[in-house]
Amino acid sequence: MNKYYSKQSLWSLFLICAFPLHLWTLLLAFRDISWVAERTNFWDAIGVVSYGMIFAFFESIIFFLFALLSGMLVPVGWGKDKRLAIMSVLTLILALWAMFPQLYALLSWNIPDWLIRSLVESAHPLRNIYAIALAFTIPSVVLPILMIYRSEKILRNILDGIDRLSLLTSLYLFFDLIALIVLIIRNV
Amino acid sequence: MKIDINRRDFLKLAGMLPLGLLAPKLHKSFVSQSDKKNVIVVVFDAFSAYNISLYGYARETTPNMARLAERATVYHNHYANSNYTTSGTASLLTGTLPWTHRALMPNSTVSDAYVDRNIFTVFKDHYRIAYSHNEWVNTFFDQFKEHIDEWIPREQLTLFSSDRLLQKAFPNDRDITSVSWVRNIKIQQEGYAYSLFLSRLISSLEEKYTAEYRLQFPRGLPTARADGGFLLEHAVDWAVDRINSTPGPVFGYFHFLPPHDPYRTQREFLGHFRNDGYQSIDKPLDVFAKDQNDDASVLRQYYDEFILYVDREFGRMFDLLENTGQLDNTVIVLTSDHGEMFERGVAGHVTDSLYEPLIRIPLLIFEPGGTNRRDIYESTSAVDLLPTLAHLSGYQEPQWNEGTLLPPYQQPYSSSNRNIYAVRSYNAESTEPLSQASITIVKGRYKLHYYFGYSELEGKDLVKLFDVEADPEEMNDLSQLEKDITSEMLDELKTKLQEVNKPYGG
């Protein structure tokens, strides 16, 4: 493991994995608070948020393990910093792609009529849908890797960004701790 | 003191041990030889009498209940004691009003005094079985478990439910654990969930498991949301099987979720009332309405179609029990914990209002060997059920209950001589006086609404009076025309309120 990650980069990678999952949970949970409080009470609403945070923590661990193992596919010669930067960026991109369909439902987006019409009228609609999806996803993965690989400046900027995000995520982990205390109180 | 027990004595004593353990069950078995009847209470959650054709609703929602009613006592003006599950069910189970049992907040428990004073303690010589799809009702079962012989976990009668492990891990917080699990994982309901990745994985596993049932339920499987869905058929078959296979006498309390939302009927009833020309009465927007609900007529249609499913399953349950000869020795009760409303800008029952559709519920009592129909038009209350069932089963009516024997078991009976209350105080602490509440009092033909402490009322009280006999739709507020009646009923209500608040410093 030492040849792939330093202890510091492991911690940073975990925090980067935890960041989008906690952010998303917090956004949706606080969106739900008034609804839950109306149907039950404020303490129960806090309970719902707390369970959400703890769930996000466990999901972060799973996501981190996935990122950790995937990172071993990055050649050893590229170095630990590049590996951390690449895996962090890919982690965030993957989270963005996971948010996208949920945002679609959340914000009631609609696929433009012209796109649906042209897909329906095309000879192979399913094949075209896959082609469109790949046209977006492949560059979103390949381009960041290329940029990090080629540009030392971009690499430094990303590592700076990771440091800042790590600080923010530490705050989220503090929320997890509070959530754990809430859960203990609720279940004693 | 020295006790000498040799090996032979020890073996004799050990041989008696199983007998000792079996003693309570044997006692109930001996009782079964006596004349105690089975008593089966079937509660359908959020079942409004307003939407039941048996009670005059324009859509024919209950053909089976109408068929069976020819052998029942049918109560036409029966009132729940609240407009939502926790308070309404606690009143059913304890025979006391919400301000007495104090289960006021959602998913709260009754006060300690009623842990040993409830319907299960009354039926002490019966084998007591309890089941509920609704987790808030299970909160009460948990409190009363010492007096329930067989409390069936909710998950036993649901399809694949990924929250089972959590239910076990967090037994003291089951409801909120479930709600949270739904918000984290159930992406298919809203299209989004707190979890970005695992929600997809777990939801698709659940969908795969329940796929074979989905064809039968195009609007989705009936669900209490936390579970992966359930079929009322399964619950009915299970209940009948338990009644048939238990030596008896059995007291069964089955609290089934339909027609509570989400209104997901079976394919057979889908679209049954679509474009049927039904026109609901146009009523003014209620002060507690969040906004004008444009979907109310669609939701009403879905609800009515869900009632068809409930009606069919109740009819099937009744027929199954009849075919096995159980009806010769069984009292069956059909009722609900509260109603549902689709008017005045309210759709559902999450409202502080207490209009008729929200609190008028069905009550049918089928006695063994009943062949005649009896219609009771006097107003009656959900708290009356406990003393009446005790009376029908040869138990003494408990002193602590606040109900009265239902007619025709009590003669003469007049609702003009009593006050029938419904109370909602959703944010009230159980140990504090009610400072924000909705209360109705029905006396004879009049119904008084009293609302106080709400921000919507800007610190003022709201009082309305309706003649529910002449104006069952509650369209004409008589509080300004019938000032004497209004003032008399309001005084009575306020005196009662003072009395119930007193122990809590009010």
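Our subject is the structure listed above.
Residue positions are given per chain, counted from 1 along the sequence in the order it is written. For this description, chains carry letters from A and ligands carry numbers from 1, given in the order in which they are written. Owing to the predicted nature of the model, reporting of local features is limited to residues with pLDDT of at least 70; listing and counting of side-chain atom pairs is limited to 80 or more, with chain, interface and lining totals taken over all residues. Computation of side-chain values: all heavy atoms of the structure, hydrogens and water removed.

Participant: I would appreciate a short explanation of the overall build of chain A in the present structure.
Facilitator: A tally of helices and strands in chain A yields six helices and zero strands. Reading chain A from its N terminus to its C terminus gives the helix and strand order α-α-α-α-α-α. For chain A, the spread of C-alpha atoms along the principal axes amounts to about 55 × 55 × 25 Å. Burial status follows relative accessibility: with a 1.4 Å probe on protein chains alone, a residue under 20% of its type maximum counts as buried, one over 50% as exposed, and anything between as partly exposed. Counting all 188 residues of chain A, 43% fall into the buried class. Counting contacts in chain A only where the partners sit at least 6 residues apart, residues at least 24 apart contribute 81% of the total. Each accessible area is a Shrake-Rupley estimate made with a 1.4 Å probe; only the visible protein chains count as cover when residues are assessed. For chain A, the computed accessible surface area is about 10700 Å², with 73% contributed by carbon and sulfur atoms. Residues scored as positive are Lys and Arg, those scored as negative are Asp and Glu, and His as well as the terminal groups of each chain are ignored. To locate a charge, take atom NZ for lysine, CZ for arginine, CG for aspartate or CD for glutamate. When the 14 positive and 11 negative side-chain charges of chain A are each reduced to one mean point, those points stand 11 Å apart. To qualify as a helix, a DSSP run of H or I must reach at least 4 residues; to qualify as a strand, a run of E must reach at least 2; elements of each kind are numbered from the N terminus. Note on contacts: a residue pair is in contact if any heavy atoms of the two residues lie within 4.5 Å.

Participant: Teacher, can you tell me more about the side chain of Thr265(B) here?
Facilitator: Residue and element names in this part refer to chain B. Secondary-structure assignment places Thr265 in the loop between strand E5 (250-256) and helix H12 (296-323). On the basis of relative accessible area, Thr265 is assigned to the buried category, the value being 0%. Engagement of the side chain of Thr265 in a polar contact is seen with the backbone oxygen of Glu305, the distance being 2.7 Å. Every residue in contact with Thr265, bar those within four places of it in the chain, is listed here: Gln216, Phe217, Arg219, Leu270, Glu305, Phe306 and Tyr309. Nitrogen and oxygen atoms within 3.5 Å of one another constitute a polar contact, given that in protein one can donate a hydrogen and the other can accept it, and given that sequence-neighbouring residues count only through two side-chain atoms.

Participant: I'm lost on the pairing of strand E11 (residues 420-424) of chain B in this one. Help?
Facilitator: Across a regular strand the side chains alternate sides, sitting on one face of the sheet and then on the other. Residues and elements named next belong to chain B. The element E11 is extensively covered by neighbouring structure, given that five of its five residues are classed as buried. Burial along E11 is two-sided: the residues Ile420, Ala422 and Arg424 and Tyr421 and Val423 are all buried. Here a strand pair is declared whenever DSSP counts at least two bridges between the two strands. With five bridges connecting them, E11 and strand E12 (residues 437-443) associate as antiparallel partners. Bridged to Arg424 within E12 is Ser438.

Participant: Sorry, what's going on with the interface of chain B and chain A here?
Facilitator: The parts lose accessible area when they come together, and the size of an interface is often stated as this lost area. The interface of chain B with chain A comprises 29 residues on the first partner and 34 residues on the second. Summed over both partners, the accessible area (1.4 Å probe) lost when two parts come together is defined as the buried area. Taking both partners together, chain B and chain A bury about 2800 Å²; carbon and sulfur atoms supply 62% of that area. Among the residues of chain B in contact with chain A, Tyr194(B), Leu196(B) and Phe197(B) are the three that bury the most area, contributing 27% of the side total. Criterion for a salt bridge: a side-chain nitrogen of Lys or Arg within 4 Å of a carboxyl oxygen of Asp or Glu. Here chain B is connected to chain A by two salt bridges. Here Asp173(B) makes a salt bridge to Arg186(A), at a shortest N to O gap of 2.6 Å. Put simply, chain B and chain A have 15 residue pairs in polar contact (both at pLDDT 80 or more) between them. Secondary-structure elements contributing two or more residues to the side of chain B that touches chain A are helix H8 (174-185), helix H9 (187-190) and helix H10 (198-214) of chain B. Broken down by element, the residue count for the side of chain B that touches chain A peaks at eight residues, all from H8(B). When residue character is reported, Ala, Val, Leu, Ile, Met, Phe, Trp, Tyr, Cys and Pro are called nonpolar, Asp, Glu, Lys and Arg charged, and the others, Gly included, polar. Broken down by class, the residue content of the side of chain B that touches chain A amounts to 17 nonpolar, seven polar and five charged.

Participant: Hey, could you run me through the environment of Ile361(B) in this one?
Facilitator: Residue and element names in this part refer to chain B. Relative to the assigned elements, Ile361 resides in strand E9 (residues 360-366). We classify Ile361 as buried; its relative accessible area is 0%. Separated by 21 residues in sequence, Ile361 and Ala382 have C-alpha atoms that sit 8.8 Å apart. In this structure Ile361 touches Phe47, Ala49, His78, Tyr79, Ala80, Thr335, Ser336, His338 and Gly339, once residues within four positions along its chain are discounted.

Participant: Would you explain the packing of helix H2 (residues 42-71) of chain A against helix H3 (residues 80-106) of chain A in this entry?
Facilitator: When two helices pack together, you describe them by how their axes are tilted relative to each other and by the distance separating the axes. All names here are of chain A. Here the axes come from fitting lines to C-alpha atoms, over the contacting stretch only for helices, and the angles between their N-to-C directions go from 0 to 180 degrees. The interhelical angle for the contact between H2 and H3, taken along N-to-C directions, is 135 degrees, at an axis separation of 10 Å. Between H2 and H3, the angle falls in the class oblique. When you trace H2 past H3, the crossing you get is right-handed. Residues Phe63, Phe66, Ala67, Ser70 and Gly71 of H2 form the contact with H3, whose participating residues are Arg83, Met87, Thr91 and Leu94. Class assignment for the residues of the contact of H2 with H3 results in five nonpolar, three polar and one charged. An angle below 35 degrees is treated as roughly parallel, one above 145 as roughly antiparallel, one from 65 to 115 as roughly perpendicular, and anything else as oblique. Each helix crossing is assigned a hand: it is left-handed if the near helix lies turned anticlockwise from the far helix by less than a right angle, otherwise right-handed if that turn is clockwise.

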